[in-house]
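Survey of secondary and tertiary structure
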Amino acid sequence: MSDSPSQNVYDRGDLSFIIVAGAMVFFMVPGLAFLYSGLSRRKNALSMIWAVAAANGVVIMQWYIWGYSLAFSTTADNGFIGNLSNAGLRRVLDNPSPGSPLLPDILYSFFQMEFGCVTAAILMGGLAERGRVLPGMVFIFLWMTLVYCPLACWVWASHGWAFEWGVMDFAGGGPVEIGSGVGGLAFSWVLGRRGERQLVNFRPHNVGLVYLGTAMLWFGWIGFNGGSAFGANIRAIIAIWNTMIAGALAGLVWCALDFRYERRWSMVGLCSGTIAGLVAATPSSGYVHPWGSVVIGILAGAICNFATKIKYLIRIDDALDLFAEHAVGGIVGLIMNAFFGSTNIIAMDGVNVGIEAGWVDKNWKALYKQVAYVAATCAYTFVVTALIAKGVDMVPGLKLRTSPEGEIIGIDETDIGEFASDYIELRREVHDSFGSSSKLVAAGDRHGVNDLELGKHGHNGNGAAPSPLEVLNEKPESGVPPSN
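Below is a summary of the structure that appears in this document. (Residues numbered from 1 in each chain as written. Predicted model: local features only at pLDDT ≥ 70, side-chain atom pairs only at ≥ 80, totals over all residues. Heavy atoms only, no water.)

**Notes on the overall build of the protein**
Scanning the protein from N- to C-terminus turns up 19 helices and zero strands. Split into buried and exposed, the 484 residues of the protein put 55% on the buried side. Considering only intrachain contacts with a sequence separation of at least 6, the fraction spanning at least 24 residues in the protein is 73%. (Helix = DSSP H or I, 4+ residues; strand = E, 2+ residues; numbered from the N terminus. Buried < 20%, exposed > 50% of the residue type's maximum accessible area, 1.4 Å probe, protein only. Contact = heavy atoms within 4.5 Å.)

Shown next, in the form of structure tokens:
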């Protein structure tokens, strides 16, 4: 393309809106990092933050190299995946984008890149508690190329088979939610179950981080769904309203269902339900009236809550419930589009006028199209994800799972060498308080006493290693002051 000034004129309000929406979507990445960190045990907290942050970088490079081209190149016509005509963002500048004439190609590529980053970040939850982070990065590069790009092409590219068939998927019920949820289930299946010892009494180590991550996700989801109208228009506002309604109701329903077990109002349950509702709004928020999101939110909160039991039936250790939250939530939203999708809501963007919607417009065939799309995305994602994970795992040096010893001491120790919360650890296990031997194992100095210095001292009268305070108070030998 020449360097002459652009002949295409775009509304600067639309451009500004999508730039801000894309930045909001990026904010979901650290939100997922904090969410996963809080949900994990303390010994694995930082590894989840690292995995999400590193996956973000991997996806940005993949999207630049060939991801955008494979998903959205306009010169491909096979309906399954794009070609490499726009690799390296070649010829991606000021022409109208393949997704909307309201946006230039270069802005659309940025906005869609953030969707890929969020999807990969969600999928990193499959590493929880036993996955090695470096092989995980190799896996995510291949997964984005062979799974996410085809799924995005199917439903969003102008030549995609689902797009041409009239499937309703507003902001990514297939590529983002089913892709990450079913992909996470397949990845966990290949990775294998955690050791039985690690499955006992597994609970979040920091519920405050869980809420912080959820709040950041909710904020980002406003841009995620609102920006998918590709302009500052009425459809975007309706999508934002639907996002808020579905998220709020699903959170309350999930929390109420959890109350029947413990007779306590679970904060983790409230956050889990909120995310389930936001997931269900992803494919539906730009198609349904707000009253439809009331139904969608209630259904998502209830169905996704019960879906958390599926992993026990199939004995796949989906530690962070990617399948129950994202895949099932996405399926709920996609199916509800068949019932509640409205031609009037779709036309509110001023571009997609006269599009066939759902049963409220007497488009009865919408249901089988949505169901077929769900089945196709689920089957393709599970099979290809499992094959990629197995292939990476077979490469020397890229074994996906850590050793049994690494699983016990934590991925922060084995892979990262740093910790989310450095702390004074007097006992690692409860039974260390008894018997004749105990060893202090944690990173960092203890109140001015170096780790190596602690090793020079014997055990106290109870058979346990002395505390840092005991070491500091111990009289120095030969007039040598204690080490600092």
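**Looking at empty space enclosed by the protein**
Considering all chains together, one arrives at one cavity of 30 Å³ or more under this definition. Its volume calculated, the largest cavity comes out at about 40 Å³. Lining the largest cavity, in full, are L185, A307, T308, I310, K311, D318, D321, F323 and A324. Mapped by element, the contributors of at least two residues to the lining of the largest cavity are α12 (310-314) and α13 (322-340). Grouping the amino acids of the lining of the largest cavity by side-chain chemistry returns five nonpolar, one polar and three charged. (1 Å grid on protein atoms, 1.4 Å probe; cavity = no way out; pocket = protein on both sides within 12 Å on 5 of 7 lines; lining within 4 Å. Points joined across faces, edges and corners; volume = space filled by probe spheres on them. Nonpolar A, V, L, I, M, F, W, Y, C, P; charged D, E, K, R; others polar.)

**Topic: the state of the cysteines**
Linking two cysteines covalently via their sulfur atoms produces the bond known as a disulfide. Here the structure, examined in full by the defined rule, presents zero disulfides. Not part of a disulfide, C255 finds its nearest cysteine sulfur in C271, a span of 9.3 Å. Here C271 falls in the buried class, since its relative accessible area comes to 3%. (Disulfide = S-S within 2.5 Å.)

**Some points on the layout of surface pockets**
By volume, the largest pocket is sized at about 1,200 Å³. F202, V268, K311, Y312 and D321 are, among the 38 residues lining the largest pocket, the residues nearest its centre. For the lining of the largest pocket, the secondary structure elements donating two or more residues are α1 (12-39), α8 (207-226), α9 (234-262), α10 (267-284), α12 and α13. Per-element accounting of the lining of the largest pocket gives the leading share, five residues, to α10. Among the residues making up the lining of the largest pocket, the classes are represented as 18 nonpolar, eight polar and twelve charged.

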